There are 2 protein chains.
Amino acid sequence: MPLSEFELIDRFFAASPCAGAGTGVVLGIGDDAAILSLPPGEELLVSVDTLVAGVHFPTGLPARAIGHRALAVNLSDLAAMGARPRWFTLALTLPQADEAWLAEFAAGLGALAARAGITLVGGDTTRGPLSITVQVHGTLPAGTALRRDGASPGDEVWVSGYPGLAALGLRQLQAGGSGGTAVTAFLAPEPRLALGEALRGLASAAIDVSDGLLADAGHIARRSAVALRLEAAALPLAPALGELPREEALGFCLAGGDDYELCFTAATGQAAAIGALAARLGLTCTRIGRVEAGDGAECIGFQPPRRGYRHFGDS
Amino acid sequence: MPLSEFELIDRFFAASPCAGAGTGVVLGIGDDAAILSLPPGEELLVSVDTLVAGVHFPTGLPARAIGHRALAVNLSDLAAMGARPRWFTLALTLPQADEAWLAEFAAGLGALAARAGITLVGGDTTRGPLSITVQVHGTLPAGTALRRDGASPGDEVWVSGYPGLAALGLRQLQAGGSGGTAVTAFLAPEPRLALGEALRGLASAAIDVSDGLLADAGHIARRSAVALRLEAAALPLAPALGELPREEALGFCLAGGDDYELCFTAATGQAAAIGALAARLGLTCTRIGRVEAGDGAECIGFQPPRRGYRHFGDS
């Protein structure tokens, strides 16, 4: 007899280590709603993202990578706000109840959840074409969130890691490749949670790089009503990108999505503190431009062929 | 040029009246996450449900009814906990960007959101087979939630409204019908929010009837470690059900899902208060059985042919 949706949820998720009692969980999975308790004086941060097979990841991606990715892209939004991850829900739509697939999916999801300290508190499992919606909840002291609208002329623009690596990895995967740093960057993006939390009080604005560095810098520019000018010569190119022709490498760096690095702005006087923070976290953080009066984001010294990834658009 | 996902979200949802500034919304749509502020001393209630076209509603259902339904089924979970609706997110997967469809969907969603006093604070629009995931957030004074695990032997079992009417409506719709109270019950279920909030302190346990009255009574029984014994002779049958053969009418009442009425338990001494409450709200609330030591839910005087609706099961 096929599994019922309740048995599915029970077996693979409610019993998972990531669904155990977490901080602030008054009542977890199993009632009409979860009951959660926030630390006094903290605000709640909420973000939701859907991944659709064949749209947000290639059909046939290993289930473990899908589980990791579904949570990672959402945790990245909390990182970009500087929030501490607390609780998440999982709405999973599956063509059939495939236990082996579910076990692998849950393993990928659960490993990242454990590392991030986030607890599964609710969900819904339905039949249909494969699609995963995760909603994450984080908290932080009231008034300290890193928003997109805080950049000012005179600030500097920074980025963590090596944007473009994941997009190169996706191309390598689609061409039949299976290993290397680029493929890993695509399959297992690591949300920059520790960096995000530590940037509270240092950064003036932040966003995670999901659409492409230049497009996401444009979101900060628009919300802050300023211009972000990136410099091609300052962009950090991963060794794997450095092997490509320069035009192509810069294209990946500026327009490749899926890295989930943080792009942020900060006053000039914060540069030393950001350098020390990056060293403590073992991350690369690179100054890539400056904030000026004006509008939009551009890259001086290079015009990328496209401005990020759009589901209903030009992709 | 096709609309980008950003333009879609902007046009139809961010600008919608239901996405305006709501109570406790520090920052709404437009950043990596929404920032929300809870009233001091209140807990957060979280619930998520996905509706898949062809699984949870018939393909071709009017977009306005889909928009209403997607929010209603989630608000019903807050009603069952006794929570006040505050904020929701919408993850919408669409086969194409159809403006007329979106406008109707947003109208159905928005009208119910306005009536329930809930604010849209985030979302994600993606391309794929039609599916809607809504997550709702409610609040209530800490420790006052109506849970499934509070029923005790000696309590009485109650239900609001006329369960089974929506299932009859679905059958009528599938047979080509388009009007009448049963079809309305299916197309526009009304979450029992005022009843749920007022039952805090009166009810000992509660659940919303989504899988079918007997199956949902079984969830209270399991979580409370008691038995719920319903009486066939006490079940409220809507006039439209009363026209059917008795066996069939009772089958709809006990096993029909989709009504989103509340099934709850309360101490015997609360009967007068519940009656007065129902009269004040203009709702029917009917005593349908009692809680005893034991386990499971059964209906004395009738054995329904099936025990509710299962996505991967016997439906």
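These notes cover the structure that comes with them. Small disclaimer: the values here were computed from a predicted structure and weren't measured. Numbering of residues begins from 1 in every chain and follows the order in which that chain's sequence is written. Chain letters and ligand numbers both follow the written order, the letters beginning at A and the numbers at 1. At least 70 in pLDDT is required for a residue's local features to be given in this predicted model, at least 80 for side-chain atom pairs to be given and counted, and no such filter applies to totals for whole chains, interfaces and linings, which use all residues. Side-chain calculation: all heavy atoms of the structure are included, whereas hydrogens and water are not.

**Describing the overall build of chain A**
Here is step 1 of the chain: Counting its secondary structure elements, chain A contains 10 helices and 12 strands.
Here is step 2 of the chain: All radius of gyration figures rest on C-alpha atoms, and the globule criterion is 2.2 Å times the number of residues raised to 0.38. Taken over the C-alpha trace, chain A has a radius of gyration of 20 Å; the compact-globule value for 315 residues is 20 Å, and the two agree within 12%.
Here is step 3 of the chain: C-alpha atoms of chain A, sized along the principal axes, occupy 60 × 50 × 35 Å.
Here is step 4 of the chain: Per-residue burial for chain A yields a buried fraction of 60% across its 315 residues.
Here is step 5 of the chain: About 11,100 Å² of surface is accessible on chain A, with carbon and sulfur atoms providing 53% of the total. Each helix is a run of H or I in the DSSP string that is no shorter than four residues. Each strand is a run of E no shorter than two, and both are numbered from the N terminus. Categorising residues by exposure relies on relative accessible area from a 1.4 Å probe, with only protein chains included: less than 20% of the type maximum marks a residue as buried, more than 50% marks it as exposed, and the intermediate range marks it as partly exposed. Per-residue and other accessible areas were derived by the Shrake-Rupley procedure at a 1.4 Å probe size, with only the shown protein chains allowed to occlude residues.

**Some remarks on helix 2 (residues 63-81) of chain A**
Given 3.6 residues per turn, any residue in an α-helix points the same way as the ones three and four places further on.
All names here are of chain A.
Here is step 1 of the chain: Under the 1.5 Å per step criterion, the end-to-end length of helix 2 is 28 Å for 19 residues, consistent within 8% with the ideal 27 Å.
Here is step 2 of the chain: For helix 2, the tally of buried residues reaches 18 of 19 residues, placing the bulk of the element in the interior.
Here is step 3 of the chain: Phi for glycine 82, located one or two positions after helix 2, is positive at around 80°. What a helix should span is 1.5 Å times the count of its residues minus one.

**Regarding the relation of the copies chain B and chain A**
Here is step 1 of the chain: All copies are superposed by least squares; the fitting set is the C-alpha atoms of residues with a pLDDT of at least 70 in both. Between chain B and chain A, the superposition needs a rotation of 180° and an axial shift of 0.0 Å, giving an RMSD of 0.0 Å. Here the two chains are linked by the operation of a two-fold rotation axis.

**Side note on the nonpolar core**
Here is step 1 of the chain: To form a nonpolar core, buried Ala, Val, Leu, Ile, Met, Phe, Trp, Tyr and Cys residues must be joined to one another through side-chain atoms within 4.5 Å. Counting 76 residues, the largest nonpolar core has A:Phe13, A:Leu71, A:Phe88, A:Phe105, A:Ile132 and A:Phe264 as the members making the most contacts within it.
Here is step 2 of the chain: Looking at this core, the element that brings in the most residues is helix 2 of chain A, giving 12 residues.
Here is step 3 of the chain: Of all hydrophobic cores here, the second largest spans 75 residues; its members include B:Ile66, B:Leu202, B:Ala271 and B:Cys285.

**A short note on unusual backbone geometry**
Here is step 1 of the chain: Backbone geometry at A:Asp258 places phi at a positive 75°, although glycine is not the residue there.
Here is step 2 of the chain: Secondary-structure assignment places A:Asp258 in the loop between helix 9 (246-255) and strand 10 (262-266).
Here is step 3 of the chain: Positioned with a positive phi, B:Tyr260 is a non-glycine residue whose angle comes to about 60°.
Here is step 4 of the chain: The residue B:Tyr260 is located in the loop between helix 9 (246-255) and strand 10 (262-266) in this model.

**With respect to the sheet that holds strand 12 (residues 296-300) of chain B**
Residue and element names in this part refer to chain B.
Here is step 1 of the chain: When DSSP finds two or more bridges between two strands, those strands count as paired. Overall, mixed pairing links the six strands, which are arranged 8-10-7-11-9-12 in an open sheet. Two strands in the sheet have a free side with no partner beyond their single neighbour: strand 8 (203-208) and strand 12. Strand-to-strand twist in this sheet, taken as the mean axis angle between neighbours without regard to direction, amounts to 25°.
Here is step 2 of the chain: Sitting on the sheet, helix 7 (residues 213-224) is in contact with strand 7 (156-160), strand 8, strand 9 (227-231), strand 10, strand 11 (285-292) and strand 12, with an inclination near 135° to strand 12. Here, axes are lines fitted to C-alpha atoms. For helices the fit covers the stretch in contact, and angles between N-to-C directions go from 0 to 180 degrees. Contact criterion: two residues are considered in contact whenever any of their non-hydrogen atoms come within 4.5 Å of each other.

**Observations concerning helix 4 (residues 165-174) of chain B**
Residues and elements named next belong to chain B.
Here is step 1 of the chain: Among the residues of helix 4, Leu165, Ala166, Ala167, Leu168 and Gly169 are the ones counted as buried.
Here is step 2 of the chain: Of the surrounding secondary structure, the elements contacted by the buried residues of helix 4 are helix 5 (181-187), helix 8 (239-242) and helix 9.
Here is step 3 of the chain: Looking one or two residues beyond helix 4, the residue adopting positive phi is glycine 176, at roughly 100°.

**Comments concerning the sheet that holds strand 6 (residues 131-141) of chain A**
Here is step 1 of the chain: The sheet built from six strands is open, its strands ordered 5(A)-4(A)-6(A)-3(A)-2(B)-1(B) with mixed pairing. Each edge of the sheet is formed by a strand with only one pairing partner; in this case those strands are strand 5 (119-127) of chain A together with strand 1 (25-27) of chain B. This sheet shows a mean twist of 20° between the axes of neighbouring strands, independent of strand direction.
Here is step 2 of the chain: Across the sheet, helix 2 of chain A lies against strand 3 (42-52), strand 4 (84-94) and strand 6 of chain A together with strand 1 and strand 2 (34-36) of chain B, angled at about 30° from strand 6 of chain A, the strand it touches most.
Here is step 3 of the chain: Here helix 3 (residues 99-116) of chain A sits on the sheet and contacts strand 4 and strand 6 of chain A; the angle it forms with strand 4 of chain A, its principal contact strand, is near 170°.

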